[in-house]
Amino acid sequence: MTDNDAPPVIVRDLVKRFGDFVAVDRINLEARRGEIVGFLGPNGAGKSTTIRMLCGLLRPTAGQALVAGYDVAREPERVRQRIGYMSQKFSLYNDLRVIENIRFFASLYEVPDSVLKERVSWILDMAGLSGRKSTLTGTLPSGWKQRLALGCAVLHRPPILFLDEPTSGVDPISRRQFWELIHTMAAEGVTVLVTTHYMDEAEYCNRLVLIFQGRIVASGSPTELKQRAMTGELVLVECAPLGLALDLLRQTPDVADAAVFGNALHVVVPEARTMIPRLRTHLSQHGVIVARMEPIRPSLEDVFVSLTAAQGAGGKA
Amino acid sequence: MRWHRLAAIVRKEILQIRRDLPSLLITVAMPLLLMLGFGYGVSFDIRHIPVYVYDRESSQQSQDFLKRFQASEYFNVMKTVDNYQAVIQALDAGACRLAIVIPVNFSEQLKTGGPVSVQALIDATDNNTANVSISYSEAVVQTYNQQIQLEWLQRHGQARLQPPLKVDARTWFNEDLESTANIVPGVVAIIMAVIGSFLTSLTIAREWERGTMEQLVSTPVTPLELMVGKLVPYFVIGLLDTALCAGMAIWWFEVPFRGQWSVFFLSCTLFLIVVLSLGYFVSVVAKSQLAASQAALIATFLPAFLLSGFIYPIDQMPAVIQVTTHLIPARYFMTIIRDVFLKGTSLPLLLDDLLALALFAVLLTILATRAFQKKLS
Ligand SMILES: Nc1ncnc2c1ncn2[C@@H]1O[C@H](COP(=O)(O)OP(=O)(O)OP(=O)(O)O)[C@@H](O)[C@H]1O
Ligand SMILES: [Mg+2]
């Protein structure tokens, strides 16, 4: 790094096209030292494509990305020495033992012998694999595998870490442990860019970047996003039949938005206190049986739905 | 190129090979089976070719000449006839493959030293047998010629002259007329081509297929380190397989080895680099392990089998194809390995072929690394 104060990740108008298809569309981003930036977006939004460009694995079609001060298109080798990467698919060697995988990646990163022993035991501790050094990696449960992969990705103590859906298919307890590790590293100054499908995980991030159809539709801290996206208050409605209720609510003048969430509805209204009695009567009059109706705090999922819905409508217009 | 990283790749590859029992079995079983299959199955040994004889002279000398055909295990003199008609009929009916016709003035012409032409009529429906018949007949004629020359020399006072063995060796490197000897060194070449490209074609495709390549290329490892690291273990396996095949050729098929081991080793090294890089290249370009291994087989086996001079002599191919064979690395190796085995040709005479192989080795290595770099971006 030439300049210690410069953000470790700077992305300017980054574009990736596959033929005519634009997978990443002029993304701009900066990540500070020790920041955890979460990429959120539906399948095919372009999260992995963005991360792969930042790791120097994929050449950008246009735009620029500086990682650790180096241009990823021009000096991918220098970038690779300064980053750790966990790809979306588990990509350690299943037919190698735990310790063999660690040693292999340690050699590729040229981890000096003087610190190798200490790093190896650190990973084994961290991944909870102390007694399982000689286990074939393929036979480990997925939570252990993911932690081992994280360990191998940070063997060389990189200042920047890219994690592409590091916790997919991992049980909730392992996920929590995983995020604790990420927080520890961030606290030590590591910049983390992470993609996820889990909305609850997004809450762990310092900053969120919402990607939809290759574009950033919103970014900010989880709290900021919730405040900004919700121009009103959120009401939970449990009722039957759901479809009829949804239609009725959408036709009600003061209702800003209504969407299905699991087996209930989330309704956005200007003021919950005054609206709840009105909605209750309205629905009952039309034969909807209301089991529960109460104000709730918006989750990121609500934010996400409202933002992508707005974007989708805007895109079509 | 960093030794540390290179060594890591080599070590990892060896661990994976050791744990992959099926592949390990293939590396031992495939050369053995191919050697036996080709050595026996594709043996061009043709024996007991049915022969009709029409001796128009019936002299002591002509009988003497014909006895040589009778004595050879390659020919089976079925019948002596006394007219052309019978010869043609026998050939047409397939009763014989070859008919020898001795001219009326056979012994007279021999005495005067003039050129004698013995007619050989051949059923050429089976091209291969026909060719073999011709060469065997020529061989019989050749030895007969030598004997006559010797006798002539002896009669002219050089009684203690040693038979000019060298003449024989120069004309027939394969004096037993064993086509096994001709074929087997070629089989070694074919097996090396197949095994070498097949093994490596799997190694890279597997990494893409399992997703491990993604992690690998995110590390500082360079394409060259990766390629060399991956090829070294397979190179060693390839050499062991070559030794196995060569051993079988010598001790099982009893093919003579007349050349120098150093030349043999050098040419094998170059050829292995060629086929290994070719397999590597194919696996970089192909999407799956299956596609890669099939493409590798097609890219190496077919040219090595058809265009290297293995079954069809190159100088008998159509001109266009003759030119094309220069693009087939196996062609050069085929020449070298046959010459080293059967003729004992030494290094200087094989320099051209060795240089051609070296050129291919360098080109293919560059091509494979380039292809890899390109695929990443
Ligand atoms: N090599 C490629 N060639 C062509 N299209 C591609 C390629 N890689 C990705 N895409 C396309 O680009 C789009 C974005 O893919 P990407 O993998 O970045 O999505 P994502 O946000 O990571 O989705 P997911 O949550 O499913 O992982 C998808 O429509 C995908 O089909
Ligand atoms: Mg993805």
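Residues numbered from 1 in each chain as written. Chains lettered and ligands numbered in written order. Predicted model: local features only at pLDDT ≥ 70, side-chain atom pairs only at ≥ 80, totals over all residues. Heavy atoms only, no water.

Draft legend 1. Focus on the overall build of chain A. Scanning chain A for helices and strands turns up 11 helices and 14 strands. Its C-alpha atoms give chain A principal-axis dimensions of about 75 × 45 × 35 Å. A burial count over chain A gives 54% of its 317 residues as buried. When contacts within chain A are restricted to residue pairs at least 6 apart in sequence, long-range pairs at least 24 apart make up 69% of them. Total accessible area on chain A stands at roughly 14400 Å², and carbon and sulfur atoms take up 50% of it. Positive and negative charge centroids in chain A, built from 36 and 34 side chains respectively, lie 3 Å apart. (Helix = DSSP H or I, 4+ residues; strand = E, 2+ residues; numbered from the N terminus. Buried < 20%, exposed > 50% of the residue type's maximum accessible area, 1.4 Å probe, protein only. Contact = heavy atoms within 4.5 Å. Areas by Shrake-Rupley, 256 points an atom, 1.4 Å probe, with all protein chains shown as cover. Lys, Arg positive; Asp, Glu negative; His and termini not counted. Charge placed at Lys NZ, Arg CZ, Asp CG, Glu CD.)

Draft legend 2. Layout of the overall build of chain B. When helices and strands are counted, chain B shows 15 helices and 4 strands. Here chain B, with 377 residues, has 51% of them falling under the buried criterion. Taking all contacts inside chain B whose residues are at least 6 apart in sequence as the whole, residues at least 24 apart take part in 80%.

Draft legend 3. Structural view of the coordination of the magnesium ion (ligand 2). Residue and element names in this part refer to chain A. Protein coordination at the magnesium ion (ligand 2): the donors are S48 (OG) and Q88 (OE1), at 1.8 to 2.2 Å from the metal. Within this pair, whereas S48 is found in helix α1 (residues 47-54), its partner Q88 is found in the loop between β6 (83-86) and α3 (98-108), the two being separated by 40 residues in sequence. Overall, the relative accessible area of 39% leaves Q88 in the partly exposed class. (Donors = N, O, S within 2.8 Å, 3.2 Å for Na, K, Ca; no water.)

Draft legend 4. How the structure looks around the sheet that holds strand β11 (residues 233-240) of chain A. All names here are of chain A. Strand order in the open sheet made by the 4 strands is β12-β13-β11-β14, with antiparallel pairing throughout. Unpaired on one side and paired on the other, β12 (257-261) and β14 (289-296) mark the two borders of the sheet. When the angles between neighbouring strand axes are averaged without regard to direction, this sheet yields 25°. For β12 and strand β13 (residues 264-269), the ladder comprises 5 bridges, and the chain directions are antiparallel. By the bridge assignment, F261 is partnered in β13 with A264. Across the face of the sheet, helix α9 (residues 242-251) comes into contact with β11, β12 and β13 while running at roughly 165° to β12. Along the sheet, helix α10 (residues 272-285) makes contact with β11, β13 and β14, crossing β14 at roughly 170°. (Pairing = 2+ DSSP bridges. Axes fitted to C-alpha atoms, helices over the stretch in contact; angles between N-to-C directions.)

Draft legend 5. Summary view of the layout of surface pockets. All names here are of chain B. If you add up the space inside the second largest pocket, you get close to 660 Å³. Put simply, the parts of the chain that give the lining of the second largest pocket at least two residues each are α3 (60-71), α5 (106-112), β4 (119-122) and α6 (127-155). Looking at the lining of the second largest pocket, the element that brings in the most residues is α6, giving 12 residues. Here the lining of the second largest pocket is composed, by residue class, of 15 nonpolar, 8 polar and 5 charged. (1 Å grid on protein atoms, 1.4 Å probe; cavity = no way out; pocket = protein on both sides within 12 Å on 5 of 7 lines; lining within 4 Å. Points joined across faces, edges and corners; volume = space filled by probe spheres on them. Nonpolar A, V, L, I, M, F, W, Y, C, P; charged D, E, K, R; others polar.)

Draft legend 6. Seen up close, a positive patch on the surface. Where like charges cluster on the molecular surface, the positive patch consists of A:R103, A:K117, A:K133 and B:R11. Mapped onto the secondary structure, B:R11 falls in helix α1 (residues 3-19). A residue is classified by how much of its surface remains accessible, and B:R11, at 47% relative accessible area, is partly exposed. (Patch = residues over 30% accessible without salt bridge, like charges linked within 9 Å, V, L, I, M, F, W, Y side chains within 5 Å. Salt bridge = Lys/Arg side-chain N within 4 Å of Asp/Glu carboxyl O.)

Draft legend 7. Fine view of helix α12 (residues 289-307) of chain B. Given a rise of 1.5 Å per residue, 19 residues ought to cover 27 Å, and the 26 Å separating the end C-alpha atoms of α12(B) matches this to within 8%. B:G309 sits one or two positions beyond α12(B) and adopts a positive phi of about 90°. (Expected span 1.5 Å × (residues − 1).)

Draft legend 8. Region of the structure containing the nonpolar core. Within the largest apolar cluster, 160 residues are counted, with the highest numbers of intra-cluster contacts made by A:F162, B:M35 and B:F341. The dominant element in this core, judged by the number of residues it contributes, is helix α8 (residues 179-210) of chain B, at 16 residues. The residues contacting A:F162, other than those within four sequence positions of it, are A:V9, A:I51, A:L54, A:C55, A:V67, A:I83, A:G84, A:Y85, A:M86 and A:L193. (Core = buried A, V, L, I, M, F, W, Y, C linked by side-chain atoms within 4.5 Å.)

Draft legend 9. Quick look at the confidence of the model for chain B. All names here are of chain B. Per-residue pLDDT for chain B has a mean of 82; in total, 89% of the residues score no lower than 70. Residue range residues 161-177 is modelled with pLDDT below 50. Its contacts to residues more than four positions away, or to other chains, number 26 contacts. The complex model carries a pTM of 0.73, and its ipTM stands at 0.77. (pLDDT = per-residue confidence, 0-100.)

Draft legend 10. Layout of the interface of chain A and chain B. At the junction of the two partners, chain A supplies 25 residues and chain B supplies 25 residues. In total, chain A and chain B occlude about 2600 Å² of area from one another, counting both sides; carbon and sulfur atoms represent 55% of this. Summed over the three residues of chain A that lose the most area to chain B, namely A:Y93, A:L108 and A:E110, the buried surface amounts to 24% of that side. Connecting chain A to chain B are 5 salt bridges. The shortest N-O distance in the salt bridge between B:E214 and A:R52 comes to 2.6 Å. Our enumeration of links across chain A and chain B arrives at 14 residue pairs in polar contact (both at pLDDT 80 or more). Considering each element in turn, the side of chain A that touches chain B owes the most residues, 5 residues, to α3(A). Within the side of chain A that touches chain B, the residues separate by chemical class into 13 nonpolar, 4 polar and 8 charged. (Buried area = accessible area lost by both parts, 1.4 Å probe. Polar contact = N/O pair within 3.5 Å; in protein donor to acceptor, adjacent residues only side chain to side chain.)

Draft legend 11. The arrangement of the site of ligand 1 in detail. Residues and elements named next belong to chain A. By nearness alone, 14 residues border ligand 1, and G44, K47, S48, T49 and Q88 come closest of all. A45 places a polar main-chain atom, nitrogen or oxygen, 3.2 Å from an oxygen atom of ligand 1. Measuring from an oxygen atom of ligand 1, one finds a side-chain N or O atom of Q88 at 2.8 Å. Relative to its unbound accessible surface of 630 Å², ligand 1 loses 62% to contact with the protein. (Near = heavy atom within 4 Å.)

Draft legend 12. Focus on the state of the cysteines. Within the structure shown, the criterion is met by 0 disulfides over all chains. Free of any disulfide, A:C152 has its nearest neighbouring cysteine sulfur in A:C55, separated by 16 Å. Accessibility expressed as a relative area gives 3% for A:C152, which makes it buried. The thiol of B:C268 is not disulfide-bonded; the next cysteine sulfur, from B:C245, is found 9.7 Å away. B:C268 sits in the buried class, given a relative accessible area of 2%. (Disulfide = S-S within 2.5 Å.)

Draft legend 13. Local environment of the packing of aromatic side chains. Residues and elements named next belong to chain B. A full pass over the atoms with the stated rule returns 19 aromatic pairs over all chains. With 5.6 Å between their ring centres and 80° between their planes, Y54 and Y84 make a pair best called edge-to-face. Of this pair, Y54 sits in strand β1 (residues 49-55) while Y84 sits in helix α4 (residues 84-93), and the two are 30 residues apart along the sequence. Overall, Y84 belongs to the partly exposed group, its relative accessible area being 32%. Each ring, one from F301 and one from F305, has its centre 5.2 Å from the other, and the planes form 20°; the classification is stacked. (Phe/Tyr/Trp six-rings, centres within 6.5 Å; stacked < 30°, edge-to-face > 60°.)

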